[in-house]
Amino acid sequence: MKEEGKKSVTKLKFKRLMRKKWLYPALYLSVAALVLVGVFWYQQGASDLEDQIAEQPDSKVQDEFLTADNEKDTVPVMEHQENLEMPVADEKAASIVTKFYDYNASEQDQESALVLYNNKYYQSEGVDITREDGEAFEVTAALSGTVTEVKEDPLYGNVIEITHDENISTVYASLEDVDVLAGSDVAQGEVLGSAGKNSFGQASGVHVHFEVRSDGQPVNPEEFFGQPMSKIIENAGQEAQEEDAPAEEPQEDGEEPSEGTEQSSDDAEQPSDDAEQSTEEELNTDEDPAGSEDEEQTPDEDSASSISTTQT
């Protein structure tokens, strides 16, 4: 009975409390205060986070963004590292019939680098590429670049010149058809035209005459097939250094002239009979010019062919 009386008293107190007019406004104010405190705490935490990021520019998050940007910037650099390819769509079926004339090459290679035209030999400044079956084939860009010239040459046929970075250029001659225009950008492997015949390299048949130039000077394409352009630039720099290097003179040569002058003075004192004998020997050699006729003629440097200089 006592417990039931206590419960009834508690209920009465709760009912009386609920009837108070100030109860509901107090509850509303309490809830609003809690909401405001939560919002203020959230804003304070966000501002503190921004201050931490501003004070630490080398954070991991920023390092990730910087790394991603650097990776994007390296993509164009990799494009400049293309390897020089043969200017044909099917390399397996292609063969080189005329080589680049190299003064340091063997006699056999030098002979295969001579072009006979109008009973005169010319040194090839590029390579002539044909198919084994002698049929026409598509000529492609060996490197990506910009077409700077398209012309029809009376000796070489249709000629295309493509300029690349670092003053590197490639030339494609003896073309039957041309599929590109001057000023257009071409990608490596893009078809430029089809191989044909020309007047200068008639012995090569249907072929493409391909040249690689560094600062306007021809280089041997065979040495750089499958190599990046940096190799061509490095090779050109080494050749320039070798040409600029002064020739060393032996020290012993400085002592020889004095001895030679003494000998010449001694020879001057010999009888005049020796002079008469020497003149007779000279006359005998002049009467027999057969030795000069037996010498084999070789093309000199002036006979080197060039697409830009050779004219009909």
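Everything numeric here is computed off the predicted structure, so don't read it as measured data. (Residues numbered from 1 in each chain as written. Predicted model: local features only at pLDDT ≥ 70, side-chain atom pairs only at ≥ 80, totals over all residues. Heavy atoms only, no water.)

Visitor: Requested: an account of the packing of aromatic side chains, with residues and values cited.
Guide: In total, this model carries six aromatic pairs according to the counting rule given. Here phenylalanine 210 and phenylalanine 225 contribute two aromatic rings whose centre-to-centre distance is 6.2 Å and whose plane-to-plane angle is 15°, an arrangement assigned as stacked. Here phenylalanine 225 lies in the loop between strand S12 (217-219) and helix H5 (229-244) and phenylalanine 210 lies in strand S11 (residues 208-214), a separation of 15 residues in the sequence. Members of the aromatic cluster, joined through ring pairs, are Tyr117, Tyr122, Tyr156 and Phe200. (Phe/Tyr/Trp six-rings, centres within 6.5 Å; stacked < 30°, edge-to-face > 60°. Helix = DSSP H or I, 4+ residues; strand = E, 2+ residues; numbered from the N terminus.)

Visitor: Please set out empty space enclosed by the protein residue by residue, giving values where relevant.
Guide: Summed over all chains, the structure comprises one cavity of 30 Å³ or more. Its boundaries defined by the atoms lining it, the largest cavity holds a volume of some 60 Å³. Val115, Asp128, Tyr156, Phe200 and His209 are, among the 10 residues lining the largest cavity, the residues nearest its centre. Class assignment of the residues belonging to the lining of the largest cavity gives a composition of three nonpolar, six polar and one charged. (1 Å grid on protein atoms, 1.4 Å probe; cavity = no way out; pocket = protein on both sides within 12 Å on 5 of 7 lines; lining within 4 Å. Points joined across faces, edges and corners; volume = space filled by probe spheres on them. Nonpolar A, V, L, I, M, F, W, Y, C, P; charged D, E, K, R; others polar.)

Visitor: Describe the pattern of salt bridges, with residues and values.
Guide: This model, assessed by the stated rule, comprises four salt bridges. Among the salt bridges present, the one from glutamate 222 reaches lysine 99, with a minimum N-O distance of 3.4 Å. With glutamate 222 in the loop between S12 and H5 and lysine 99 in the loop between strand S1 (94-98) and helix H4 (107-111), this pair connects stretches of sequence that are 123 residues apart. Linking arginine 213 and glutamate 125 is a salt bridge whose minimum nitrogen-to-oxygen distance equals 3.2 Å. (Salt bridge = Lys/Arg side-chain N within 4 Å of Asp/Glu carboxyl O.)

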